[in-house]
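# Examination of the molecular architecture
Given next are the chains, with one letter for each unit.
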Amino acid sequence: MQLQRPVAVKVIDREHGSPRVIREAQAVARLTHRNIATLYELATDGERAFLVSELIEGDTLRSLGRRGMLTDRLVARVGTDAAAALTHA
């Protein structure tokens, strides 16, 4: 069934630890927090794992930094949000 919503798909090759990927995906799937992308699905084809998650659109910190737009205030907000997500996890 096609849900017609944009998603992010991360492809992980088998040599990057298939059992670990499954354990981590199961742990992330149990989390619900505004600063953690929702994981919708984990699939494998024997060679790769596919993590399908909520698509978060926007600039990366790297691109903001390269354009000189990474302000102290933004860095503090990102750090605070990341700490809140880690505390929840």
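Scroll up for the structure.
By convention here, each chain's residues receive numbers from 1 onward along its written sequence. pLDDT decides what is reported in this predicted model: residues at 70 or higher carry local features, side-chain atom pairs at 80 or more are listed and counted, and totals for whole chains, interfaces and linings draw on all residues regardless. Hydrogens are left out, water is left out, and the side-chain values use all remaining heavy atoms of the structure.

## Notes on the overall build of the protein chain
Looking only at helices and strands, one finds 3 helices and 3 strands in the protein chain. Tracing the protein chain from N to C terminus, the helices and strands come up as β-α-β-β-α-α. All radius of gyration figures rest on C-alpha atoms, and the globule criterion is 2.2 Å times the number of residues raised to 0.38. For 89 residues, the compact-globule estimate of 2.2 N^0.38 gives 12 Å, and the protein chain exceeds it by more than 25% at 16 Å. The C-alpha extent of the protein chain, read off along each of the three principal axes, is 45 × 30 × 30 Å. Relative accessibility decides the category of a residue: with a 1.4 Å probe and only protein chains considered, values under 20% of the type maximum give buried, values over 50% give exposed, and everything between is partly exposed. By the burial criterion, 12% of the 89 residues in the protein chain qualify as buried. Helix and strand assignments follow DSSP, with helices taken as H or I runs no shorter than four residues and strands as E runs no shorter than two, numbered in order from the N terminus.

## Quick notes on the packing of aromatic side chains
Here the aromatic set is Phe, Tyr and Trp, taking the six-membered ring for Trp, and pairing holds for ring centres within 6.5 Å; pairs whose planes are under 30 degrees apart are stacked, those over 60 apart are edge-to-face, and all others are tilted. Following the criterion strictly, the structure yields 0 aromatic pairs and no others. Two conditions define a charge located above a ring, namely a distance within 6 Å from the ring centre to NZ of Lys or CZ of Arg, and an angle within 35 degrees of the ring normal. If you follow Arg-5 out to its NZ or CZ, it ends over the ring of Tyr-40, 4.0 Å from the centre.

## Looking at the pairing of strand E2 (residues 39-44)
In summary, the side chains of a regular strand alternate between the two faces of the sheet. Taken together, the 5 bridges between E2 and strand E3 (residues 48-54) define a ladder with antiparallel strand orientation. Along E3, the bridge assignment pairs Leu-42 with Leu-51. A pair of strands is considered paired only if DSSP assigns at least 2 bridges between the two. In textbook terms, the turn of a hairpin is the stretch between consecutive antiparallel strands, and for E2 and E3 this stretch comprises 3 residues, one of which, Gly-46, has a positive phi near 90 degrees.

## Regarding the pattern of salt bridges
By convention in these notes, a salt bridge is any Lys or Arg side-chain nitrogen within 4 Å of a carboxyl oxygen on Asp or Glu. Within the structure shown, the criterion is met by 4 salt bridges. Across the salt bridge formed by Asp-81 and Arg-34, the nearest N and O atoms sit 3.7 Å from each other. Here Asp-81 is found in helix H3 (residues 72-88), whereas its partner Arg-34 is found in the loop between helix H1 (18-29) and E2, with 47 residues between them in sequence. For Asp-81, a relative accessible area of 21% translates into the label partly exposed. Residue Arg-34 is classed as exposed on the basis of its relative accessible area of 71%. Across the pair Arg-67 and Asp-59 runs a salt bridge whose closest N-O atoms are separated by 3.0 Å.

Function cannot be inferred from these measures alone, as they are strictly geometric.
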